[in-house]
Amino acid sequence: MATETSTPVQNSDTKGALGIPQAEFVEDVDSFMKRDGNDSAEAVLKRLDESHSKYKFMEYNLSTKKARLKAQIPDIKTSLDIVKHLQSRKGTTDPMETRFLLSDQVYAKARIPPTENVNLWLGANVMLEYGIEDAKVLLEKNLEAANKSLSQVEDDLSFIRDQTTTLEVNMARVYNWDVKRRQASQAKS
């Protein structure tokens, strides 16, 4: 196994809530290849490729999480708007007429009497009844948490993309160093 100084990915500096390791930029390939554990260019390229694959895997997972959050935020906003509208109609006695979504492109008409409670779908087949004010507070908290999480995911994605680029440049530099070294040894022969 390589030591900590032998690979440009195992830098102790990390960024983000995920603790993603920062890739070290290999500026001087000659001195980098002289480090312990860097016996051959093939072994170094293999380690760099493994790290590259790990970054790509993290990028895929974060992209999936970002897409889920981007779909979730409008749903939370819609629910919050509905709860605020119900809260504004709290003092009236006449029912509200609306249409609600049954399935894609299928709506049904409904008459909603003034109410003190709403049911919120929490996911995982869980629905709970809340008072209107409690539902508003919960949805505002969920919206804030989702926006904060989206911002963190976007920062982590940006960081991972930077690290992926650094690794790709390192791989190219080590490969080019190896090609030049082989050409020089062939020229001497």
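Residues numbered from 1 in each chain as written. Predicted model: local features only at pLDDT ≥ 70, side-chain atom pairs only at ≥ 80, totals over all residues. Heavy atoms only, no water.

Caption draft 1: Region of interest: the overall build of the protein chain. Regarding its fold elements, the protein chain presents three helices and six strands. Ordered by position from N to C terminus, the α and β elements of the protein chain give β-β-α-α-β-β-β-β-α. Over its C-alpha atoms the protein chain spans a radius of gyration of 28 Å, topping by over 25% the 16 Å that the globule rule assigns to 189 residues. The principal-axis extent of the C-alpha atoms belonging to the protein chain is close to 95 × 35 × 25 Å. Counting across all 189 residues of the protein chain, residues that qualify as buried make up 28%. Relative to all contacts within the protein chain whose residues are 6 or more apart in sequence, the contacts with residues 24 or more apart total 61%. (Helix = DSSP H or I, 4+ residues; strand = E, 2+ residues; numbered from the N terminus. Rg over C-alpha atoms; globule rule 2.2 N^0.38 Å. Buried < 20%, exposed > 50% of the residue type's maximum accessible area, 1.4 Å probe, protein only. Contact = heavy atoms within 4.5 Å.)

Caption draft 2: Layout of a nonpolar patch on the surface. Residues Phe100, Leu102 and Val106 make up a contiguous nonpolar surface patch of roughly 260 Å² in combined accessible area. Summarising the element assignment, phenylalanine 100 is placed in strand β3 (residues 96–103). According to the relative accessible area criterion, phenylalanine 100 is partly exposed, its value standing at 40%. (Patch = residues over 30% accessible without salt bridge, like charges linked within 9 Å, V, L, I, M, F, W, Y side chains within 5 Å. Areas by Shrake-Rupley, 256 points an atom, 1.4 Å probe, with all protein chains shown as cover. Salt bridge = Lys/Arg side-chain N within 4 Å of Asp/Glu carboxyl O.)

Caption draft 3: Summary view of the packing of helix α2 (residues 41–88) against helix α3 (residues 132–188). Here α2 crosses α3 at 160°, and the two axes come no closer than 7 Å. By the angle between their directions, the pair α2 and α3 is classed as roughly antiparallel. Remark: the crossing between α2 and α3 carries left-handed chirality. Split into classes, the residues belonging to the contact of α2 with α3 amount to 27 nonpolar, 11 polar and 18 charged. (Axes fitted to C-alpha atoms, helices over the stretch in contact; angles between N-to-C directions. Parallel < 35°, antiparallel > 145°, perpendicular 65-115°, else oblique. Left-handed = near helix turned anticlockwise from the far one by under 90°. Nonpolar A, V, L, I, M, F, W, Y, C, P; charged D, E, K, R; others polar.)

Caption draft 4: A look at the UniProt feature "coiled-coil region" (unreviewed entry) in the protein chain. The positions that UniProt labels "coiled-coil region" (unreviewed entry) are, in the present scheme, residues 136–163. The span residues 136–163 is 100% helical and 0% strand by assignment, and the distance between its end C-alpha atoms comes to 40 Å. (UniProt positions renumbered as here; feature names shortened; annotations may be inferred.)

Caption draft 5: Quick look at the pairing of β3. Taken together, the seven bridges between β3 and strand β4 (residues 106–112) define a ladder with antiparallel strand orientation. Bridge pairing links methionine 96 to isoleucine 112 in β4. Count of turn residues in the β3/β4 antiparallel hairpin: two residues, of which glutamine 105 carries a positive phi of about 65°. (Pairing = 2+ DSSP bridges.)

Caption draft 6: Structural view of the nonpolar core. Membership of the largest hydrophobic core comes to 35 residues, with the highest contact counts inside it found for Met33 and Val174. For this core, the secondary structure elements donating two or more residues are α1 (29–33), α2, β5 (117–123) and α3. It is α3 that contributes the most residues to this core, 14 residues altogether. For methionine 33, the contacting residues outside a window of four places in its chain are Asn38, Ser40, Ala41, Val44, Val174 and Trp177. (Core = buried A, V, L, I, M, F, W, Y, C linked by side-chain atoms within 4.5 Å.)

Caption draft 7: Structural detail: the environment of leucine 122. Position of leucine 122 relative to the elements: it lies in strand β5. Apart from residues no more than four positions distant in its own chain, leucine 122 is found in contact with Leu128, Tyr130 and Leu138.

Caption draft 8: Inspection of the pattern of salt bridges at higher detail. Inspection of every chain in the model, using the stated rule, returns nine salt bridges. Arginine 35 serves as the salt-bridge partner of glutamate 24, at 2.9 Å between the closest nitrogen and oxygen. Taken as a pair, glutamate 24 in the loop between β2 (20–21) and α1 and arginine 35 in the loop between α1 and α2 lie far apart in primary sequence, 11 residues in all. Residue glutamate 24 is classed as partly exposed on the basis of its relative accessible area of 26%. The salt bridge partner of glutamate 97 is arginine 111, with a shortest N-O separation of 3.0 Å. Residue glutamate 97 is found in strand β3, and its partner arginine 111 is found in strand β4; the two are separated by 14 residues along the sequence. What makes glutamate 97 exposed here is its relative accessible area of 59%. When salt bridges with common partners are traced through the structure, they connect Glu42, Asp178, Arg181 and Arg182 into a single cluster.

Caption draft 9: Spatial organisation of the pairing of β5. Where β5 lies against strand β6 (residues 126–131), six bridges are found, and the strand directions are antiparallel. When the sheet's bridge partners are listed, valine 118 is paired in β6 with tyrosine 130. Where β5 folds back on β6, the antiparallel hairpin that results is connected by two residues, among which alanine 124 adopts a positive phi of roughly 55°.

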